[in-house]
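Survey of secondary and tertiary structure
One letter stands for each residue in the lines below.
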Number of protein chains: 2
Amino acid sequence: MNRPAKPAAVMIVGGTEAPAEAPDVLGRFVELCGGPAAPIVVLTAASTVPDEVWDAYRPAFAAAGARACQALHVRTRDDASAPATVAKLAEARGIFISGGDQKRLMALVGGTPLHDAIRTGVRQQGICIGGTSAGASALGVHMVTEGRAEFSPEKGAVAMGAGLGLLAQCIIDQHFSQRHRINRLLTLVAANPDLAGIGVDEDTALVLAPDGAIDVVGPGAVTLVDGRHLQTNLADVGAGHIPLMLDVRVHVLPTGTALARPPDVLLPLLQPVLAALNH
Amino acid sequence: MNRPAKPAAVMIVGGTEAPAEAPDVLGRFVELCGGPAAPIVVLTAASTVPDEVWDAYRPAFAAAGARACQALHVRTRDDASAPATVAKLAEARGIFISGGDQKRLMALVGGTPLHDAIRTGVRQQGICIGGTSAGASALGVHMVTEGRAEFSPEKGAVAMGAGLGLLAQCIIDQHFSQRHRINRLLTLVAANPDLAGIGVDEDTALVLAPDGAIDVVGPGAVTLVDGRHLQTNLADVGAGHIPLMLDVRVHVLPTGTALARPPDVLLPLLQPVLAALNH
C-alpha cells in the first residue's frame with residue numbers, strides 16, 4: 001500500500017457524559033485535524049439516537065473552533081454502503097466516532113465501503129481518527145464488547161470482538177476510572193498478553209501524534225497494562241475463577257503527560273499499536 | 001536477639017463482614033497455631049465494641065476447632081500495660097488481631113508492655129500472628145491509616161502511620177477488591193516505592209508460612225504491588241493530582257495459590273517483608 005504523506009494522528013477518548021464537558025479534548029482534536037477550517041466528520045453509528053448525539057456534538061465542536069464539522073449518520077448497513085456516505089469522507093481531515101455501543105457500530109459499519117474508506121483514509125491519507133467511549137473501543141483490531149469483572153480479574157467474564165482495525169495489538173477500555181475497569185482490563189490482558197491494555201478515563205484522551213509523541217488531555221489519566229511478561233494459570237482455571245497473574249506491568253499517565261517519544265519502558269508496548277496505521 | 005526455635009507463621013486477612021463467614025481462614029489459623037489445643041488470644045483493641053467482637057469470634061473460632069481461645073480486651077493504655085494482660089500471652093501459640101480502627105489499636109497498644117510482648121512472642125517464641133482488616137493493616141512497620149483515592153492514584157490522598165512492626169517494607173490494605181482499593185494501594189506505593197503493597201480481599205487470607213511457603217485461603221485474592229522499578233513525577237506534582245507512574249508491577253494471587261517458595265518474580269519483594277520477624 002501507499003505510505004501516507006502524513007501519518008494519521010489518533011485520539012482515544014474515554015467517554016463523556018456530555019461533549020460540552022470535554023472542551024480541551026475536542027479542541028485538541030480540531031487542532032490535530034489541522035485547525036478550525038479542517039473538515040471533520042462525526043460518525044454516530046454506535047448510537048441508537050444519532051440525532052441527539054449530533055445535537056450535542058455540533059455545538060461542542062463549534063465551541064472548540066471547528067467550522068467545517070458535519071454528521072455522518074449510519075442507521076443501516078445500506079447507509080454504510082451508499083456512495084453519498086462514503087463521499088463525505090473525501091475531503092475530511094478528521095473522523096470522530098461517537099459513543100453508544102461498539103457492537104452496534106461494527107454490525108452497521110464492519111466490512112462496508114464506509115469501513116474501507118475509513119481505513120484507507122486514515123492509513124493512506126493521514127486522516128486524523130478519534131473515538132470516544134464505544135468509538136474508542138472500536139478503534140482496535142480487537143475490541144472489548146461487554147463484561148464486567150468489576151472487583152477482580154475473572155476468567156471468561158469479558159467478551160471481545162473485531163473492531164475497525166486501525167490500532168493493532170491493543171485492547172481499549174473507556175470510562176476507566178469512573179467505572180472501576182482495572183479488573184476488566186486485567187482480565188482482558190490475562191487472556192491476551194500480547195495486547196496492550198489501554199484504559200482511558202472520562203473526559204480524557206490519549207493522543208498518539210504522527211511524530212511519535214504521546215500526550216494526555218483532560219482531567220483524568222490513561223492506564224496502560226503490559227502483559228508481555230505475564231505468568232498465569234489462566235489456561236488451567238475454570239470460568240468465573242480469578243487467575244494467578246504474576247508480573248503485570250502497569251503505567252499511569254495522568255493529564256498533562258507530554259512525551260516527545262514513548263520512554264523505553266513503553267516503547268515495545270506502544271510501537272506495535274501504531275503499526276496498523278502505517279501499512 | 002535470640003533466633004526463634006520455630007519462626008512465626010503470619011496470616012494477613014482482608015476483613016470480613018462476620019467471622020463465621022470465613023471458616024476456612026479461621027480453620028487455617030488454628031492449624032498454623034498448632035491445632036485445636038493451641039492457646040489462641042484474640043486481641044480486640046482495634047474495636048470500640050470489643051465484647052461484640054468477641055461474641056462473634058468466640059463461636060467462630062470454636063467452630064474452627066479451637067478449644068483454647070480467649071479474648072484479650074484492651075480498652076485503655078493502662079490495660080495494655082497491666083501484668084495480667086501481658087500474662088495472657090505467656091502460653092499463647094497464636095495472636096489474632098480483630099478489625100476496627102488501626103489508629104485506635106496503635107493508640108492503645110503502641111509502645112506498651114503488651115506491644116513488647118507481642119513483638120517478642122512473635123519474633124522469639126514463634127507465636128503465630130494473624131490480623132484482619134484493621135488488625136491486618138497494623139501488622140507492618142508502616143500502616144495505612146486513612147484516605148480513599150477510590151478512582152485514581154492521587155498524591156496526598158492516603159495517610160500512613162506506624163504499625164506494630166512485625167512485617168517490614170510493606171504496606172497492607174484490606175477489603176481490597178470489595179472497596180476498590182487498587183488506587184489507594186498504588187497511591188501508597190507511588191509515595192513509598194520501597195514498600196511492597198499487599199492488598200487482601202474480604203474473607204481471604206495471605207499465609208506466610210515459617211518455611212517460606214505462601215498460600216492464599218478464602219474466596220478472593222491477594223494483590224501485590226511492586227514499586228521498586230517505578231518511574232514517577234510524584235515529587236513534582238501538587239496534592240490531589242494523579243502522578244505519572246511507569247512500570248508498576250502487579251501480581252494477583254487468587255484463592256488456592258500454594259507456592260512452596262516465592263517465585264523469582266516475587267522473592268525480592270517478599271523476602272524483606274519477613275525480615276522483621278526474624279531478627
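Up top is the structure.
Model, not experiment: these values are computed from the prediction.

Okay, the sheet that holds strand β4 (residues 94-97) of chain A next. Residues and elements named next belong to chain A. Strand order in the open sheet made by the eight strands is β3-β2-β4-β5-β1-β10-β11-β15, with mixed pairing throughout. Lying at the two open borders of the sheet, with one neighbouring strand each, are β3 (69-72) and β15 (258-259). Summarising the sheet, strand β1 (residues 10-13) and strand β5 (residues 128-132) pair through four bridges and their orientation is parallel. By the bridge assignment for β5, V13 is matched with T132.

To continue, consider the environment of V144 of chain A. Residues and elements named next belong to chain A. Along the chain, V144 turns up in strand β6 (residues 142-147). Residue V144 is classed as buried on the basis of its relative accessible area of 0%. Considering only alpha carbons, one finds V144 and A162, 18 residues apart in sequence, at a separation of 8.5 Å. Setting aside residues no more than four positions away along its own chain, V144 makes contact with Q102, S137, V158, A159, M160, I171, I172, D173, R184 and L188.

Time to look at the interface of chain B and chain A. Interfaces are often sized by the accessible area lost when the parts come together. Chain B puts 30 residues into the contact, and the matching count from chain A is 30 residues. Across the chain B-chain A interface, the total number found is zero salt bridges. Linking chain B to chain A there are 14 residue pairs in polar contact (both at pLDDT 80 or more). Looking at the side of chain B that touches chain A, the element that brings in the most residues is strand β14 (residues 245-254) of chain B, giving 10 residues. Of the residues that constitute the side of chain B that touches chain A, the class distribution is 18 nonpolar, eight polar and four charged. In the sheet, strand β14 (residues 245-254) of chain A pairs with β14 of chain B via five bridges, with the strands oriented antiparallel. Bridge assignment links V252 of chain A to a residue of β14 of chain B, and that residue is M245 of chain B.

Criteria and thresholds
- Residues numbered from 1 in each chain as written.
- Chains lettered and ligands numbered in written order.
- Predicted model: local features only at pLDDT ≥ 70, side-chain atom pairs only at ≥ 80, totals over all residues.
- Heavy atoms only, no water.
- Pairing = 2+ DSSP bridges.
- Helix = DSSP H or I, 4+ residues; strand = E, 2+ residues; numbered from the N terminus.
- Buried < 20%, exposed > 50% of the residue type's maximum accessible area, 1.4 Å probe, protein only.
- Contact = heavy atoms within 4.5 Å.
- Salt bridge = Lys/Arg side-chain N within 4 Å of Asp/Glu carboxyl O.
- Polar contact = N/O pair within 3.5 Å; in protein donor to acceptor, adjacent residues only side chain to side chain.
- Nonpolar A, V, L, I, M, F, W, Y, C, P; charged D, E, K, R; others polar.

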